[in-house]
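# Geometric and topological summary
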Amino acid sequence: MHVTRMLTHPFIRLFKPTDLEAVKALTLQSFEGVTLEQNVEGALGVLNSQDWRWRKSRHIDHDVASNPGGLFVAEQEGRIVGYITTELDRDAGKGRIPNLAVASDFRGRGLGRKLIERALDYFRGEGLAYAMIETMDQNTIGQHLYPACGFVEVARQIHFALRL
Ligand SMILES: CC(C)(COP(=O)(O)OP(=O)(O)OC[C@H]1O[C@@H](n2cnc3c(N)ncnc32)[C@H](O)[C@@H]1OP(=O)(O)O)[C@@H](O)C(=O)NCCC(=O)NCCS
C-alpha cells in the first residue's frame, strides 16, 4: 500500500513553560542583524562581559514573567517554528508586541502575519483599545509587514549609547 505523508501547517497555541528554551533559541537564531542589543555591541563592543545574545535572551525571560498568558507559539510536528510575545497596559487600553520571530525556513508563508493576528485577537478579547509594535530601521521585513497588518507609522526614534 502506498502511504503519503500528510502535509501539516504549523498551529498556534498558548506558550507552556517547557517551550522556554526553544523560544530563546529561536530568538537568538532570528534576531541577528535586527536587534538594538547587537547595534549597541557593534558600536561600543562587548559590555560588562555579556554579549548581545545574553541581553536579548533576557528579553524573553522578561516577556514570560510579565505576561505568560499572552505569549503564543507556532508548533509544527513538535518543533517551535515561531512565537509572539505581548504586554498589556490595561489602564491605557494598550497592547504591545515586544518580540516576534519565525524560523528562517518557515518565513514568507504568512506565519508572522498569523502570529500578529493572534496577538491582536488576544488584545481585543482583553478589551483593549489599541496595539503598538516597533521595528528597527534596518528591519525591512518589519517595515513591510506591520503596515500590511494595519499598523500606521506614528514615530521614529534615535538610540544613543556611551561607554562608561
Ligand atoms: C519578521 C518575521 C517574524 C516575519 O515572519 P514571516 O513568517 O516571514 O512573515 P509573513 O510571511 O507573514 O510576512 C512577511 C512579509 O514580508 C515580506 N518580505 C520578505 N522579505 C522582505 C524584504 N527583504 N523586504 C521587505 N519585505 C519582505 C514578505 O513578502 C511578506 O509580505 P507579503 O505577505 O505582503 O508578501 C520574520 O522575518 C523574522 O522572524 N525575522 C527576524 C526577527 C524579527 O525581525 N522579528 C521582528 C522584530 S520587530
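Notes on the structure in this doc start here. (Residues numbered from 1 in each chain as written. Predicted model: local features only at pLDDT ≥ 70, side-chain atom pairs only at ≥ 80, totals over all residues.)

### Here's the deal with the site of the ligand
Within the structure, the ligand sits among 21 residues, and V102, R107, G112, R113 and H144 are positioned closest to it. Put simply, the parts of the chain that give the shell around the ligand at least two residues each are β6 (100–102), α4 (111–125) and α5 (140–148). For the shell around the ligand, the element with the highest residue contribution is α5, accounting for 6 residues. A class-by-class count of the residues in the shell around the ligand yields 9 nonpolar, 9 polar and 3 charged. (Near = placed C-beta within 6 Å. Helix = DSSP H or I, 4+ residues; strand = E, 2+ residues; numbered from the N terminus. Nonpolar A, V, L, I, M, F, W, Y, C, P; charged D, E, K, R; others polar.)

### Quick word on the sheet that holds strand β1 (residues 11–14)
Strand order across the open sheet formed by 4 strands is β1-β2-β3-β6, with antiparallel pairing between neighbours. Edge positions in the sheet fall to β1 and β6, since each of these pairs with one other strand and no more. Adjacent strand axes in the sheet meet at a mean angle of 30° when their direction is disregarded. The sheet contact formed by strand β3 (residues 79–84) and β6 spans 3 bridges and is antiparallel. Bridge pairing in β6 places I84 opposite L100. (Pairing = 2+ DSSP bridges. Axes fitted to C-alpha atoms, helices over the stretch in contact; angles between N-to-C directions.)

### Focus on the packing of helix α1 (residues 20–30) against helix α3 (residues 52–66)
Each pair of packed helices can be summarised by the angle the axes make with each other and by the distance between the axes. The interhelical angle for the contact between α1 and α3, taken along N-to-C directions, is 140°, at an axis separation of 10 Å. Overall, the two elements α1 and α3 adopt an arrangement that is oblique. Both α1 and α3 take part in a crossing whose hand is right-handed. Contacts from L20, V23, K24, T27 and L28 in α1 reach R53, K56, S57, I60 and V64 in α3. (Parallel < 35°, antiparallel > 145°, perpendicular 65-115°, else oblique. Left-handed = near helix turned anticlockwise from the far one by under 90°. Contact = placed C-beta atoms within 7 Å.)

### Focus: the environment of A22
Locating A22 in the fold gives a position in helix α1. The partly exposed category is assigned to A22, around which 16 C-beta atoms lie within 10 Å. Taking the C-alpha atoms as reference points, A22 and I80, 58 residues apart in sequence, are found 6.4 Å from one another. (Buried ≥ 20, exposed ≤ 12 C-beta atoms within 10 Å, placed from the backbone.)

### As for unusual backbone geometry
Negative phi is the rule for most residues except glycine; trans is the rule for most peptide bonds. Even without being glycine, N48 reaches a positive phi, approximately 55°. For N48, a count of 8 C-beta atoms within 10 Å puts it in the exposed group. Of note in the backbone geometry, S49 takes a positive phi value of approximately 60° without being a glycine. Following the sequence through the fold, S49 ends up in the loop between α2 (36–44) and α3.

### With respect to the environment of D61
By the secondary structure assignment, D61 is in helix α3. On the basis of neighbour counts, which here come to 11 C-beta atoms within 10 Å, the residue D61 falls in the exposed class. Sequence-wise, D61 and L20 are 41 residues apart; in three dimensions their C-alpha atoms are separated by 8.3 Å.

Read these as geometric descriptors, not functional statements.
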